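Results of the structural survey
One letter stands for each residue in the lines below.
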Amino acid sequence: MTRLLTVIRSVVVALAVLVAGGVDAGAQEWAQKMFDTTYHDFGAVARGSTVEFAFKLKNIYQETVHVVAVRSSCGCTTPKVEKDTLKTYEEGSIVASFNTRSFTGQKSATVTVTFDQPYYAEVQLQVTGYIRTDVVLTPPGVDFGAIDLGSATEKKVTLQYAGRDDWKLVGVEPHNDYLSASFVETARSSGQVTYEVTVRLKPDAPAGYMKEQLVLATNDQRAKEIPLDVQARITAPLTVSPGSLFLGALEPGQKVTKQVVVQSKRPFKIVAMKCADSSLNFSVSDEPRAVHVVPVTFTAGHSAGKITRKVQIETDLGSEVSAELSVYAQVVVPPAKS
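We now turn to the structure provided with this report. (Residues numbered from 1 in each chain as written. Predicted model: local features only at pLDDT ≥ 70, side-chain atom pairs only at ≥ 80, totals over all residues. Heavy atoms only, no water.)

1. A short note on the pairing of strand β16 (residues 238–241)
Side chains of β16 alternate between two faces, with Leu238 and Val240 buried and Thr239 and Ser241 left unburied. Where β16 and strand β18 (residues 255–268) come together, 4 bridges link them in antiparallel fashion. Within β18, the residue paired with Ser241 across the bridge is Val261. (Buried < 20%, exposed > 50% of the residue type's maximum accessible area, 1.4 Å probe, protein only. Helix = DSSP H or I, 4+ residues; strand = E, 2+ residues; numbered from the N terminus. Pairing = 2+ DSSP bridges.)

2. Notes on the environment of Ser264
The residue Ser264 is located in strand β18 in this model. Given the relative accessible area of 16%, Ser264 is considered buried. Along the sequence, Ser264 and Val240 sit 24 residues apart, while their C-alpha atoms lie 9.2 Å from each other. Setting aside chain neighbours within four positions, we find Ser264 in contact with Pro237, Leu238, Ala290 and Leu317. (Contact = heavy atoms within 4.5 Å.)

3. Remarks on the packing of aromatic side chains
In total, this model carries 11 aromatic pairs according to the counting rule given. An angle of 55 degrees between the planes, with centres 6.0 Å apart, marks the rings of Trp30 and Phe115 as tilted. In this pair, Trp30 is assigned in helix α1 (residues 2–32) and Phe115 in strand β7 (residues 105–117), connecting sequence segments 85 residues apart. For the pair Phe35 and Phe115, a centre-to-centre distance of 6.5 Å together with 70 degrees between the ring planes defines the contact as edge-to-face. Of the two residues, Phe35 sits in the loop between α1 and β1 (39–47) while Phe115 sits in strand β7, which places them 80 residues apart along the sequence. Ring pairs connect the aromatic residues Trp30, Phe35, Tyr61, Phe115 and Tyr119, which therefore count as one cluster. A cation over a ring is seen here: Lys306 above Tyr89, with NZ or CZ 4.3 Å from the ring centre. (Phe/Tyr/Trp six-rings, centres within 6.5 Å; stacked < 30°, edge-to-face > 60°. Lys NZ or Arg CZ within 6 Å of the ring centre and 35° of its normal.)

4. Concerning unusual backbone geometry
Following Thr138, the chain continues to Pro139 via a peptide bond in cis, the omega torsion being -10 degrees. At the junction of Ser241 and Pro242, the peptide bond is cis and its omega measures out at -5 degrees in the coordinates. Within the secondary structure, Pro242 sits in the loop between β16 and β17 (244–250). With phi around 70 degrees, Tyr89 is a residue other than glycine that occupies positive phi space. Judged by relative accessible area, which is 25%, Tyr89 ranks as partly exposed. Unusually for a residue other than glycine, Ser190 sits at a positive phi of about 50 degrees. If you trace the backbone, Ser190 turns up in the loop between β12 (179–189) and β13 (192–201).

5. Quick word on the side chain of Ser93
Looking at where Ser93 falls in the secondary structure, it is placed in strand β6 (residues 91–98). In terms of polar contacts, Ser93 uses its side chain to reach the side chain of Glu82, at 3.0 Å. Filtering out sequence-adjacent residues up to four positions away, Ser93 remains in contact with Ala54, Phe55, Lys56, Leu57, Lys80, Val81, Glu82 and Lys83. (Polar contact = N/O pair within 3.5 Å; in protein donor to acceptor, adjacent residues only side chain to side chain.)

Here is the structure:
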């Protein structure tokens, strides 16, 4: 009898392990589906340069997703959560920063992202790169800071190389139509060369946060490219937050109200909030304010499906000053009762 109980316990434990393993595998799969990619190669980068990559993720589920922690297997990479709580259709990112000041040579790291909502799961992101000791950028990257929409500006970076006598920069490739760049050699002596790189932000750059990368091309066959990170925050005269508003999953006839913030640098009136869908209503103040908190009320219709609407916001700041709000909702028809 005792032996029989022992066998039964062993079978139960084995089944529990198998079930747990299956649940864990499924948990990893649902979480991993939210990421665009789980691998990034920084390539060859200059020592001391600013090198980051954002692993983008989007909550494709009706439940709220929460990132409880991130950790790295190597001090060469520092992870950061840009937004730890994502509601349905909201987007965020895990930013991996390569520590080019304290490390050199070939480095790799595993960044583990831990979720505790709606279920426990871990997703592993892989980064790798080679930190060069012969190239130094000062400053380590280009940060234009906050720039008014329509403004043109430029920043300069000094590149210093120590090694071969014939080493040269041969080109620069912006991967963004709103950026341009040029370079000029300023010094060369005994295997050391200095370049001044000028990066320009064009006046037609759209409002929002820009995070891009220039590629400096060299004649070095072992490492032909040197990435240079560029960032800017281009502010429009009128902004709406959030730019995308998810109203939730609702049953037919159900009503919900959420708020958006419309703001400018000086007081203004909201003249109209235009949308072709009458199920959306807005409560707008007649008083001029620099910041307007606008309630948005949605009444779900009788047809199930995803609702996507655009709302045009017009003000007394002029016909050229407007903003657009994207509104989303999911209408869910409950199953019929038997």
